[in-house]
Amino acid sequence: MVTTTYMEAGRRALAEEMRRDPTVWALGEDLGRGGVFGQYAGMAEEFGPLRISDAPISEAAILGSAVGAALAGTRPVVEMRFADFALCAVDELVNQAAKARYMFGGQGGVPLVVREPMGMWRSSAAQHSQSLEAWYVHIPGLTVVAPATPGDNLRLLKAAIRSDDPVVYLEHKDLWGLEEELGDDEPPGDLGSARIVCEGSDATVVSWSAMVRNAHAAAETLAEEGVSVEVIDLRTLWPWDREAVLASVRRTGRLVVAHEAVSVGGFGAEVAAVVSEALFGSLKAPVKRLGAPRVPIPYAKPLEDMLRVGPDAIAAAIRAQL
Amino acid sequence: MNRPNLDLERLADRHRRMHRIRAFEEQAVAALEEGLVLGAIHPSIGQEACAVGAVGSLAREDLLLSTHRGHGHTLEKGASATAMMRELFGREGGNCGGKGGSMHIADFSVGMLGANGVVGANINIAAGAAHAVRLRGERRIVCCIFGDGAINRGPFLEGLNWARVFDLPVLFVCEDNAFAATTRTEAMTGGPGPAARAEALGIPSHAADGNDVGRMAEVTAELRERILGGGGPQFLWAKTWRLTGHTAVDKAAYRDAGEVAERWKDDPIARAAETLRMHGVGEETLSGHREAAVEEMRAAYEEAKAAPWPETAALYADVQDVGDPREAAFRW
């Protein structure tokens, strides 16, 4: 077992896949010097500049060429630097990568991974902080992953690289330093299975990415009050583990969905809708969504903090359902 | 066989192949009027020399990225006309199983990696395919054809720069038909145009008469050799003229009839025929090419018309491996 950060776990996943499969390569801005956050540190030395490829600041070309390279028999891993910058390559992701397999009748696939560091971190403000997962879940053809732990970052990035379809891989910047003891041999994870963070019988909290920490903290607070909360980390948002969520809510009768993204049109709305459709008769309280208000992310810390869904807000939402 | 005879034979064959493209598109336009072609089609009538000259000079193993106006390119790369007609009709047995249509046609079995419904989007994809060719150590080139409208999109800058920076084996062909949809490209383009822009990015640029099928073939073959020899990306600016509208239903009233009539005199098929006549090729051979092409495409039409619709299961096939796209998955 070795203590591994969330960031190191991503690096280890990519390195292990590159050693296993010579068609795996990575491209993005500044990768030769380790990437903007250091996620690729030392990799150019091991794999050389062809497989850890620097790129011009040309997001459309980075993602578009990854589509071509995937169609032509390689498995590119694209680094987008900030999830926000991936918006410069929406056509390449949404119109090209996501659709090629289907519209060409299954003649070829697009096995690429788009790594998009997401979320609020160090007052990065409106253009460097967004959580846009719901956009991607909306697009047929895309798999969407948002790991919350180092272990999941290791296992799910491996699974994403081995996937024959395009995967939007959202790492949360605020989790880079999170540590976990990981084994020497960690096989790829399962795309589409949730993790039960803690079991409980009175209410269910569904979350993903960095928000899982807050949900867990809320559950611990409520445990001291004698309230038993089950926390589910979805891990992947498409496909998402409906069975795990429905099984939990069937038992608890209460659901809070908490995420960092804007609440309006967020993925929490999808979870809430599916649970309401399936379990209306057995719900003990209305389903509650917690997310950011619909404002661009401000720079000033007191204002930014007003957007954050903290453990207290999650605990309060559950108390209100009891 | 001496060289003039060989050249003549090649030209005759190219004349025949241009007629195949013309006949395919005329048949498709007729089928559209009949309601059999479901979506928009973008004929390349008048531009057949670019398809036959450029794509016809690629090797089977070379890869091709094309545009929404790509019937000719796709046929020349070796796709079956019947499968293409089925695709245009949205039928089973189409190149894409009826799920792509004219604008999203592809035939991976012949290295045709896709037309594209988004102008210029194929440029980065082609650069990436060339990147894969280099990573895998393969000996082949990627050919990317786009129109003059594409040079005003961002991917033109990003993709050409990319190909130069990584020194990739890709041939960019700007098939300049003078129109960006229904607007004259000239009126919307700053500076001296496609070749100058490519040169500015360090990519050697070559101009050719896009209505001269022999010249297009010669230049393409030479550039292909140059790329295979390690010469890096090359740019070919082929000037042609779109003789019909943007789509098959566009009457192109924004052009003067006199101008169009004048341009028809430069029809690449007529030009090739004239050269062949001058060298003694008989009318019977020339009209035979036309008749054979019409007959072939008529047969493709008949077969496509009789082909069944795709199975309903195709709706859910090939979305992605994980997750269930069916609404039924939500029934509890």
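Predicted, not measured: the structure shown is a model, and the values here were computed from it. (Residues numbered from 1 in each chain as written. Chains lettered and ligands numbered in written order. Predicted model: local features only at pLDDT ≥ 70, side-chain atom pairs only at ≥ 80, totals over all residues. Heavy atoms only, no water.)

### Section: the nonpolar core
Stage number 1. Counting residues in hydrophobic clusters, the biggest one holds 92 residues, and the most contacted among them are L234 and V271 of chain A together with F146, F172 and F235 of chain B.
Stage number 2. Counting 59 residues, the second largest nonpolar core, distinct from the first, contains A51, V55, V213 and A293 of chain B. (Core = buried A, V, L, I, M, F, W, Y, C linked by side-chain atoms within 4.5 Å. Buried < 20%, exposed > 50% of the residue type's maximum accessible area, 1.4 Å probe, protein only.)

### Notes on the domain arrangement of chain A
A common way to report how large an interface is uses the accessible area buried once the components associate.
All names here are of chain A.
Stage number 1. Taken domain by domain, chain A consists of domain 1 (2-182) and domain 2 (195-321).
Stage number 2. Taking only C-alpha atoms, the centre of domain 1 and the centre of domain 2 are 26 Å apart.
Stage number 3. Between domain 1 and domain 2, the residue contacts involve 27 residues of the former and 25 residues of the latter.
Stage number 4. When residues of domain 1 are sorted by the area they lose upon contact with domain 2, M120, S123 and V137 head the list and together hold 28% of the total.
Stage number 5. Across the pair R213 and D174 runs a salt bridge, and its minimum N-O distance is 3.0 Å. (Domains from an automatic or database assignment. Contact = heavy atoms within 4.5 Å. Buried area = accessible area lost by both parts, 1.4 Å probe. Salt bridge = Lys/Arg side-chain N within 4 Å of Asp/Glu carboxyl O.)

### Overview of the packing of aromatic side chains
Stage number 1. Considering all chains together, one arrives at 16 aromatic pairs over all chains under this definition.
Stage number 2. Every member of this aromatic cluster is reached through a ring pair, and the members are Y6, F37, F82, F85, W121 and W176 of chain A.
Stage number 3. Just above the ring of W309 of chain B sits the side chain of R91 of chain B; from NZ or CZ to the centre is 4.3 Å.
Stage number 4. The ring centre of F179 of chain B lies 4.9 Å from the NZ or CZ of R255 of chain B, which sits over that ring. (Phe/Tyr/Trp six-rings, centres within 6.5 Å; stacked < 30°, edge-to-face > 60°. Lys NZ or Arg CZ within 6 Å of the ring centre and 35° of its normal.)

### Brief notes about empty space enclosed by the protein
Stage number 1. In the structure shown here, the tally under the stated rule is three cavities of 30 Å³ or more.
Stage number 2. Size it by volume and the largest cavity reaches roughly 60 Å³.
Stage number 3. When contributions to the lining of the largest cavity are tallied by element, the ones reaching two or more residues are α3 (59-71) and α5 (100-103) of chain A together with α5 (121-135) of chain B.
Stage number 4. For the lining of the largest cavity, the per-class residue count stands at nine nonpolar, four polar and no charged.
Stage number 5. Contributing to the lining of the second largest cavity are M118, S131, E133, H172, W208, S209, A210, M211, H259 and E260 of chain A.
Stage number 6. Broken down by class, the residue content of the lining of the second largest cavity amounts to four nonpolar, four polar and two charged.
Stage number 7. Taken together, domain 1 (2-182) and domain 2 (195-321) of chain A each give at least three residues to the lining of the second largest cavity, which thus spans both. (1 Å grid on protein atoms, 1.4 Å probe; cavity = no way out; pocket = protein on both sides within 12 Å on 5 of 7 lines; lining within 4 Å. Points joined across faces, edges and corners; volume = space filled by probe spheres on them. Helix = DSSP H or I, 4+ residues; strand = E, 2+ residues; numbered from the N terminus. Nonpolar A, V, L, I, M, F, W, Y, C, P; charged D, E, K, R; others polar.)

### Remarks on the interface of chain B and chain A
Stage number 1. Across the contact, 46 residues belong to chain B and 50 residues belong to chain A.
Stage number 2. Summed over both sides, the interface of chain B with chain A buries roughly 3,800 Å², with 63% coming from carbon and sulfur.
Stage number 3. On the surface where chain B and chain A come into contact, there are two salt bridges.
Stage number 4. Between D318 of chain B and R101 of chain A there is a salt bridge, with the nearest N and O atoms lying 3.4 Å from each other.
Stage number 5. Here chain B is connected to chain A by 19 residue pairs in polar contact (both at pLDDT 80 or more).
Stage number 6. For the side of chain B that touches chain A, the secondary-structure elements that each account for two or more residues are α5 and α6 (154-165) of chain B.
Stage number 7. Ranked by residues supplied to the side of chain B that touches chain A, first place goes to α5 of chain B with 10 residues.
Stage number 8. For the side of chain B that touches chain A, the per-class residue count stands at 25 nonpolar, 13 polar and eight charged. (Polar contact = N/O pair within 3.5 Å; in protein donor to acceptor, adjacent residues only side chain to side chain.)

### So, the pattern of salt bridges
All names here are of chain B.
Stage number 1. One pass over the structure, following the stated rule, counts 52 salt bridges over all chains.
Stage number 2. For the salt bridge of D13 with R16, the shortest nitrogen-to-oxygen distance reads 2.8 Å. One end of the pair, D13, and the other, R16, are both in helix α1 (residues 3-33), three residues apart, so they sit about a helical turn from each other.
Stage number 3. According to the relative accessible area criterion, R16 is partly exposed, its value standing at 33%.
Stage number 4. Where R17 meets E76, a salt bridge forms, and the shortest distance between an N and an O atom there is 2.8 Å. With R17 in helix α1 and E76 in helix α3 (residues 71-77), this residue pair connects regions lying 59 residues apart in the sequence.
Stage number 5. What makes R17 buried here is its relative accessible area of 15%.

### Details of the pairing of strand β3 (residues 170-176) of chain B
All names here are of chain B.
Stage number 1. Counting buried positions over the seven residues of β3 gives seven, a clear majority of the element.
Stage number 2. The parallel pair strand β2 (residues 142-147) and β3 is bridged by α6, and the resulting crossover is right-handed.
Stage number 3. Here six bridges tie β3 to strand β7 (residues 234-239), and the two strands are oriented parallel to one another. Bridging across to β7, D176 finds its partner in K239. (Right-handed = clockwise from strand over helix to strand, strands pointing away. Pairing = 2+ DSSP bridges.)

### A closer look at unusual backbone geometry
Stage number 1. Residue P239 of chain A is bonded to the preceding W238 of chain A through a cis peptide linkage, with omega at -5°.
Stage number 2. With respect to the secondary-structure elements, P239 of chain A resides in the loop between β12 (236-238) and α9 (242-252).
Stage number 3. Despite not being glycine, A181 of chain B shows a phi value in the positive range, around 60°.
Stage number 4. Take A181 of chain B: it is sitting in the loop between β4 (179-180) and β5 (183-184).

### A look at α9 of chain A
Residue and element names in this part refer to chain A.
Stage number 1. Among the residues making up α9, those that are buried are R242, A244, V245, L246, S248, V249 and T252.
Stage number 2. Contact partners of the buried residues in α9: β10 (203-207), β11 (229-233), β12, β13 (255-262) and α10 (267-279).
Stage number 3. Downstream of α9 by a residue or two, G253 has a phi angle that is positive, lying close to 75°.

### With respect to the packing of α3 of chain A against α5 of chain B
Stage number 1. In contact at an axis separation of 6 Å, α3 of chain A and α5 of chain B are set at 55° when each is read in the N-to-C sense. As summarised for this structure, α3 of chain A and α5 of chain B are arranged oblique, according to the angle between their axes. Read as a crossing pair, α3 of chain A and α5 of chain B show a hand that is right-handed. Across the interface between the two elements, A60, A61, G64, S65, V67, G68, A69 and L71 of chain A of α3 of chain A pack against N124, I125, A127, G128, A129 and A132 of chain B of α5 of chain B.
Stage number 2. Taken together, the residues that form the contact of α3 of chain A with α5 of chain B break down as nine nonpolar, five polar and no charged. (Axes fitted to C-alpha atoms, helices over the stretch in contact; angles between N-to-C directions. Parallel < 35°, antiparallel > 145°, perpendicular 65-115°, else oblique. Left-handed = near helix turned anticlockwise from the far one by under 90°.)

### Observations concerning the state of the cysteines
All names here are of chain B.
Stage number 1. Counting across every chain of the model gives zero disulfides over all chains.
Stage number 2. For the unlinked cysteine C96, the closest cysteine sulfur is that of C144, found at 18 Å.
Stage number 3. In this structure C96 comes out as buried when scored by relative accessible area, which is 1%.
Stage number 4. Cysteine C174 shares no disulfide, and the gap to the nearest cysteine sulfur, in C50, comes to 9.5 Å.
Stage number 5. According to the relative accessible area criterion, C174 is buried, its value standing at 0%. (Disulfide = S-S within 2.5 Å.)

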